[in-house]
Amino acid sequence: SDGGGMVVIPAGTFLCGPLQMGSKTVLHLCEGATLKMKAIDTFPTDANGYHQMSSPFITGKSNASDIVIEGESRTTSVIDGQGAPWWDEVEAAKTAGKSTTRSAMIRFWQGSRYLFRSFCIQNTPNTNITIGRSGKGGNATVHGITVKNPSSSATDPSHNTDGFPIWTQYVNIYDCEIDT
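A few points on the structure. Just so you know, these numbers come straight off a predicted model, no measurement behind them.

Description of the pairing of strand β12 (residues 140-148)
Taking burial as the measure, the nine residues of β12 include seven buried ones, the bulk of the element. Sheet analysis places strand β10 (residues 114-122) next to β12, joined by eight bridges and oriented parallel. Considered in β12, the bridge of Tyr114 is made with Ala140. Pairing of β12 with strand β13 (residues 171-174) involves four bridges; the strand directions are parallel. Pairing of Ala140 across the sheet is with Val171, part of β13. In this structure, β12 lies alongside strand β14 (residues 177-179), joined through three bridges in parallel fashion. Bridge assignment links Thr146 to a residue of β14, and that residue is Glu177.

Focus: the sheet that holds strand β6 (residues 58-60)
Sheet architecture is open: four strands sit in the order β3-β6-β9-β11, paired in parallel fashion. Every other strand in the sheet has two partners, leaving β3 (19-21) and β11 (129-131) as the edge strands with one partner each. Ignoring which end each strand starts from, the neighbouring axes of this sheet average 15 degrees apart. Where β6 lies against strand β9 (residues 106-108), two bridges are found, and the strand directions are parallel. Paired with Thr59 across the two strands is Arg107, which belongs to β9.

How each quantity is defined
Here the residue index of a chain counts from 1 through its sequence in written order. Note on the predicted model: pLDDT of at least 70 is required for a residue's local features to be given, and 80 or more for side-chain atom pairs to be given and counted; whole-chain, interface and lining totals, by contrast, use all residues. Excluding hydrogens and water, the side-chain values take into account all heavy atoms of the structure. With a 1.4 Å probe rolled over the protein chains alone, any residue whose accessible area is under 20% of its type maximum counts as buried; one over 50% counts as exposed, and the rest are partly exposed. To qualify as a helix, a DSSP run of H or I must reach at least 4 residues; to qualify as a strand, a run of E must reach at least 2; elements of each kind are numbered from the N terminus. Any two strands with at least two DSSP bridges between them are considered paired. Here, axes are lines fitted to C-alpha atoms. For helices the fit covers the stretch in contact, and angles between N-to-C directions go from 0 to 180 degrees.

Spelled out as C-alpha cells, the structure:
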C-alpha cells in the first residue's frame, strides 16, 4: 500500500507472483522463510513460444521511497527465482537465433531510500538486485546479502545473473557474498 506497513513472511516456503511495494513498506523474511517466484509456465509466451517476464519479481510503485527488504538470516531467509527453466530457455533461444525477456528479481528505478539486508537471493532468472535507471532511484544500502547462482560455465549455467547492477548514485554495498 502507499500508506506503508510491514509484510512478514513466516518460516516456510511461499509461492508468489510479482510484488509492487508502496512507500514506507518493509518486506520482512523470518528465519527459515523462502519466498519463491511462481514457476516459468505461469508466465505468458511470445510468438516463438518463449516465456516472457516483463517486470521485476519485486519492485516499487511509481516513485515509491523508504522501502526495506530484510531477513533474519543471510542463509535461511531466502528469495528464490526458480531460475533453471529460464536459463534453459535462454540456451534454446540462443541456439535458435532468438531472444527471451527476463527481468531482475528485485529492481527499484524510481524514488529513493532503499535498504536491503540480511537475506539470501538465489536462482534468479536474470539480475539479482538492480538499483536505479538513468541516475534515478538512488540512496540505497545493501548489506549482509548472499547471492547464489550457478556460474556461466557450470553444467547448468545461469545467464546474466549479475549480483548488484547499479544505474544511479549514492549506493553503499558492503559485507555481501556474491557467487554467480
